[in-house]
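Structural characterization, general
Residues per chain are reported as follows:
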Amino acid sequence: MNSKHLTFALTVCILSLAPFAGKAQKANIEHRVDSLLNLMTLEEKIGQMNQYSGFWEATGPITEQGNKLEQVRTGQLGSLLNITGVDHTRQLQEMALQSRLKIPLLFGQDVVHGYRTIFPLPLAEAASWDIEAIERSARVAAVEASAVGVHWTFAPMVDISHDPRWGRVMEGAGEDPYLGSLIAAARVKGFQGKGFGNTDAVMACVKHFAAYGAAEAGRDYNRVEMSRRELNEIYLRPFKAAVEAGAATLMNSFNDINGIPATGNKYIQREVLKGEWKFDGFVVSDWGSIGEMVNHGFSKDCYQAAQQAITAGSDMDMESRCYIGNLAQLVKDGKVDERLINDAVRRILTKKFEMGLFDDPYRYSDSERAKQQWDNKANLEASRDMAKKSIVLLKNDNQLLPLDTKRKTIAMIGPMVKAVRDNLGFWSYSWPDDTARIVTHWQGISNRAGKNVKMVYAKGCDINSTSKAGFAEALRVARQSDVIIMSIGEAGNMSGEAKSRSNIHLPGVQEELVEAVCATGKPVILLINAGRPLIFNSASEKAQAILYTWWLGTEAGNAIADVLFGDYNPSGKLPMTFPRSEGQIPVYYNHFSTGRPPKNETDVNYVSSYIDLPNSPKYPFGYGLSYTTFKYSEPVLSKTAMNAGETIAVKVSVTNTGNYDGKETVQLYIHDLVGSVVRPVKQLIGFQQVFLKKGETREVTFTISINDLKFYNDDLNLVAEPGDFEVFVGGSSATELKKTFTLL
Ligand code: NOJ
């Protein structure tokens, strides 16, 4: 046998043994968990279900500082959040090992879009529709965070939302359950890498279970009232995808669902998650959400809240101290069965064993590895790549973009041009105070423009003030230039947790600044930075070109320059509908058919519309331009009727008809014409990204199977009902290119 054969034989052998090794390892861990559980007192078990925030970087209201260190030493704490750094994590782990059973701590942190290298906001990443790049982004974050002791990230956030007033839309993947599910799974895989046992695998925590994104009126932490059908069909789908992708943990949410707080909600946690979906990881509460059931008026006190939360399936208490203070008494009083506690602790310990923490509690705190990851070139390159793919071109009149470097003078105007930390956006707490490495818009664009271009600058106004004192200077600078780039939008901390806004127009006097600058008659390009869809109707009419740049992270300025000068042809597509007015909210593409649909935009005659506004949004879901243009052929179906076990192929030819090579995201939607429950007017069921050289045509094929046609009926069964379907193909959800087929 030569060496090639030998390698082949060994590979086959290893691969065929892999499932047995996996099973044996699982059995071994089960055995170790059981042995440990047998040794534990009730108090020690409850300790494992207790989690506090560390001593700095609080990401919520601290209940009490108290006796945390003593509790670590005496085994009354299973996990800490907001503790990072090789030294800190080592010190605390050493303390945990002084406890009777020497059970190591789990260190959790909100590593939401990067750790040291900050990536674009998750909503921005979703605009790339590039699932591989999104997985890579999570991978880089995990590699960096795991090197400084982080075992567990509170991400991905997979909450669907139809409401841009809600500040946390920046943290999710937008409004669509199909796209959201693919992204949820990709992020879980990215964080967890090749699996636990590898020191760069970080446990994912999928949040917020559930329906947090449907908070009434877009006000954070607010109630949610919705049918179980809608919950399952839309809001739970990305969670299910994440669980199927192997997510280790879930976090429940602050809101109530139909009157029952999610934290005390048996239906979602016990029945759906741990029952139907057979989830074997553990559930952590959100910050203080067990204690907050008292504020909800659902629990009389912390004692009752602890009973309700454990009964409903919440395994770990983040920062409310209700478990540590009451569970033992509840068991003694016969109100909580100790078996529920055993189940929760078994789940938590299993993860600690899987992570290898009992074999080496310090394996994640590695200064050598941390050094290699700090300002790591490959990571920065991955962030820049993700950032340029996240930018969405909303308008490009007269092909103003891409810019060439023949322009003699470029003016940069606006409060974001030289912004530094804002580029990181919300959830970038771990970033140290040395802001030097963030590439501002000014730096990135000036570098790329080169020495032959004169760059001039004026701030014009602050992000959110009423002063127009800077306008005159801005206009003076504008008049000197050949082209103007305006960087405007929300501050980095205007979207995020507890950052709901009733008014989502451009803040302060920024829109007036745009109007004034446009009135000079010079060509104006807008860079709009935000964590949510904003409203900027007047600015959008007056400026010639608009790039929606969100907040792009460490490499923001470089990525924007890549796109502005055409080194990268923009390919982003909106993951959320952009409203014309707050009055349209909630507005989303996959809305449901009504009995009185308007015939056209101006039809107001006893139809479901507004008398003062069209129903259509400002920019639809899936929309985004390119420097080139794409032409779609009529879609062709392989047949017009299919049986349940069959599939239908949908073929469409896409041609690059413009002057630049470019990438298009070809989207596939269906409309179920008649259902036993009312169906959405369109639903995304597939997409493919194709890169086409100018003049090139490519045929894109989708396959539709019965699974793509299923929905929850009134009895909560997932069914596909026979009948007619429309299939739409195109470059956004507004496409009208369609064909029909029948499910027999
Ligand atoms: C509250 C937030 O809702 C949650 O997303 C976060 O993970 C925790 N605080 C911890 O910071």
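Preceding this paragraph is the structure being described.
Note that this is a predicted model, so its numbers are computed, not measured. (Residues numbered from 1 in each chain as written. Predicted model: local features only at pLDDT ≥ 70, side-chain atom pairs only at ≥ 80, totals over all residues. Heavy atoms only, no water.)

**Concerning the site of the ligand**
Note the cut-off: In this text, near means that some heavy atom of the residue lies within 4 Å of the molecule or strand in question. Under this definition, polar contacts are N or O atom pairs within 3.5 Å; protein pairs additionally need one hydrogen-donor-capable and one acceptor-capable atom, and for neighbouring residues in sequence, both atoms have to be side-chain atoms.
Taken together, 13 residues form the shell around the ligand, and within it Thr59, Asp110, Arg168, His208 and Asp286 come nearest. In the environment of the ligand, an oxygen atom lies 2.6 Å from a nitrogen or oxygen atom belonging to the side chain of Asp286.

**Brief notes about the pairing of strand S14 (residues 483–489)**
As a reminder, the rule being used: Here's how the labels work: a residue is buried when its accessible area is under 20% of the maximum for its type, exposed when over 50%, partly exposed in between, all with a 1.4 Å probe on protein chains only. Only DSSP runs of H or I reaching four residues or more are called helices, and only runs of E reaching two or more are called strands; each is numbered from the N terminus. Being paired, for any two strands, means DSSP has found at least two bridges between them. A right-handed crossover is one whose linking path, passing over the helix from the first strand to the second, runs clockwise when the strands point away from the viewer.
With 7 of its 7 residues buried, S14 lies for the most part within the structure. Bridge analysis of strand S12 (residues 409–413) against S14 gives 4 bridges, and the strand direction is parallel. Residue pairing across strands places Met412 opposite Ile485, the latter belonging to S14. In this structure, S14 lies alongside strand S15 (residues 524–529), joined through 6 bridges in parallel fashion. Paired with Ile485 across the two strands is Ile525, which belongs to S15. Regarding the hand of the β-α-β motif, the stretch spanning S14, helix H19 (residues 510–518) and S15 is right-handed.

**So, the pattern of salt bridges**
Formally: Salt bridge, as used here, is a side-chain nitrogen of Lys or Arg placed within 4 Å of a carboxyl oxygen of Asp or Glu.
Tallying each qualifying case throughout the model produces 48 salt bridges. Where Glu171 meets Lys207, a salt bridge forms, and the shortest distance between an N and an O atom there is 3.5 Å. One end of the pair, Glu171, is in the loop between strand S4 (152–153) and helix H7 (177–192); the other, Lys207, is in strand S5 (residues 203–209), with 36 residues separating them in the sequence. Among the ionic pairs, Glu490 bridges to Arg501, the shortest N-O distance being 2.8 Å. Remark: Arg501 occurs in the loop between S14 and H19 and Glu490 occurs in the loop between S14 and H19; sequence separation between them is 11 residues. Take Glu490: its relative accessible area is 0%, and that puts it in the buried class. Via salt bridges that share partners, Asp110, Arg168, Glu171, Lys207 and Glu497 belong to a single interconnected network.

**Examining the state of the cysteines**
Just so we agree on the cut-off: We call a pair of cysteine sulfur atoms a disulfide when they lie within 2.5 Å.
Taken as a whole and assessed by the stated rule, the structure comprises 1 disulfide. Two residues, Cys302 and Cys322, share a disulfide whose sulfurs are 1.9 Å apart. The S-S bond linking Cys302 to Cys322 shows a torsion near -80°; that makes this disulfide left-handed. You can see Cys302 sitting in helix H12 (residues 302–312) and its partner Cys322 sitting in helix H13 (residues 322–332), a full 20 residues away along the chain. With no disulfide of its own, Cys205 lies 19 Å from the sulfur of Cys322, the closest cysteine sulfur. For Cys205, a relative accessible area of 0% corresponds to the buried category. With no disulfide of its own, Cys461 lies closest to Cys518 among cysteine sulfurs, the gap being 13 Å.

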